[in-house]
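Here's the letter readout for the chains.
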Amino acid sequence: MGFRCGIVGLPNVGKSTLFNALTETQAAQAANYPFCTIEPNVGQVAVPDERLEKIAQIAASKKVIATQLGFVDIAGLVKGASAGEGLGNQFLGNIREVDAIVHVLRCFEDDDIQHVSNKVDPIADADVVETELMLADLESLEKRVPNAQKRATGGDKEAKIMASVLGQALELLKDGKPARLTQPNDEEEARVFKQAQLLTAKPVLYVCNVAEEDAANGNSLSQQVFAKAEAEGAQAVVVSAAIEAELVEMPAEDRAEFLAEMGLEESGLARVIRAGYKLLDLQTFFTAGPNEARAWTFPNGAKAPQAAGEIHTDFERGFIRAETIAYEDFVALGGEAGAKEAGKMRQEGKEYLVQDGDILLFKFNV
């Protein structure tokens, strides 16, 4: 299962610089003018997880493969995008294809970098983007909901579900609130709501792009963003895109010392990746053996067959059982053999809810 976070924001807030550092490439053209990113650049990024290295050491694995998230650098949005201004239609279409929105907000002053509205105000910037997304959703639902209501009167079961849950989303949008506040009544409504692919239904992570000197503790502008995120039930992190760009250019062995000099324990990008992982409510299970130790992403609440399907659809289709060891037991008992001897390897069936950190070996038959 692929998970993708779309990096959005107004022009010249540091989106492409962040993306370049995030993927450790120069794939996105970072330039000081609007719309320098025309086609969305896509990069796969490893999710930091110290447990994987520990598992690989114990299992004496030849290869170590981290789980990954996809990040998409999307063209800068301007006011009026919902009506096709700038690259509006393309921007909105690209956002519709991602699972979560990483909203980069400019929280630094720099006279050499033009701001599209000639002032630095991250809350106003966030409102511009959110408003355009809400307007696009509003236009969509004002057409779809009446049509669903009409079909529902004729006894169409799916239309009744659609009229109910999307009608609720429409009322929220009319009140100036995002569709993500919609509360489906049951699993069927949740399914229909998800299929609607509403732009404001996607979870949001705010990234406060600050100057180097503010990277450790943020500043008054980033504090405003954190307050906004808390009020919305969203998440926020502080990053200095300039520092991240410097990190990419230096040897890996020098990075820890550089971060320490800046008062940082880890890179801002590590925080962004983990926050994106958490935002999508994802967890990790592991497979381990002499050939490779590997981390796998799965949605929180997945049962064993679903987790098996992350490796291969045949594993899910022919699932028999999952030999399961908790991470803590795997480490404490020196790996699979020790866990098995101590009775800590469990045989779990189709109803088992996979736990974060489980080391799994799937048995299947197709």
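Before reading further, recall that the structure is shown in the block above.
Since we're looking at a predicted model, the values are computed, not measured.

Novice: Sorry if this is basic, but what is going on with helix 1 (residues 15–22) here?
Specialist: Residue pairs three or four apart in sequence face the same way in an α-helix, which turns once every 3.6 residues. A large share of helix 1 lies buried, amounting to 7 of its 8 residues. Turning to helix 1, its buried residues are K15, S16, L18, F19, N20, A21 and L22.

Novice: What am I meant to see in the packing of aromatic side chains here?
Specialist: How two aromatic rings sit relative to each other is set out by the distance from centre to centre and by the angle between their planes. Following the criterion strictly, the structure yields 5 aromatic pairs and no others. Judged by centre distance (5.9 Å) and plane angle (45°), the ring pair of F285 and F298 falls under tilted. Separated by 13 residues along the polypeptide, F285 in strand 8 (residues 282–288) and F298 in strand 9 (residues 292–299) bring together distant segments of the chain. On the basis of relative accessibility, which here comes to 0%, the residue F298 falls in the buried class. Site record: aromatic cluster; members linked through ring pairs are F285, W296, F298, F319 and F362. Its guanidinium or amino end placed over the ring of W296, R294 lies 4.2 Å from that ring's centre, counting from NZ or CZ.

Novice: Would you mind going over the sheet that holds strand 7 (residues 235–239) with me for this structure?
Specialist: For sheets, the rule is that strands pair by backbone hydrogen bonds, running either parallel or antiparallel. Pairing is mixed in the open sheet, where 6 strands are placed in the order 2-4-1-5-6-7. Both edges of this open sheet fall to strand 2 (41–46) and strand 7, since each of them pairs with a single strand only. Averaged over all pairs of adjacent strands, the angle between strand axes in this sheet comes to 25°, irrespective of strand direction. Seen against the sheet, helix 10 (residues 268–279) touches strand 2, strand 4 (68–73), strand 5 (100–106), strand 6 (204–209) and strand 7 and runs at an angle of roughly 170° to strand 7.

Cut-offs applied
- Residues numbered from 1 in each chain as written.
- Predicted model: local features only at pLDDT ≥ 70, side-chain atom pairs only at ≥ 80, totals over all residues.
- Heavy atoms only, no water.
- Buried < 20%, exposed > 50% of the residue type's maximum accessible area, 1.4 Å probe, protein only.
- Helix = DSSP H or I, 4+ residues; strand = E, 2+ residues; numbered from the N terminus.
- Phe/Tyr/Trp six-rings, centres within 6.5 Å; stacked < 30°, edge-to-face > 60°.
- Lys NZ or Arg CZ within 6 Å of the ring centre and 35° of its normal.
- Pairing = 2+ DSSP bridges.
- Axes fitted to C-alpha atoms, helices over the stretch in contact; angles between N-to-C directions.
- Contact = heavy atoms within 4.5 Å.

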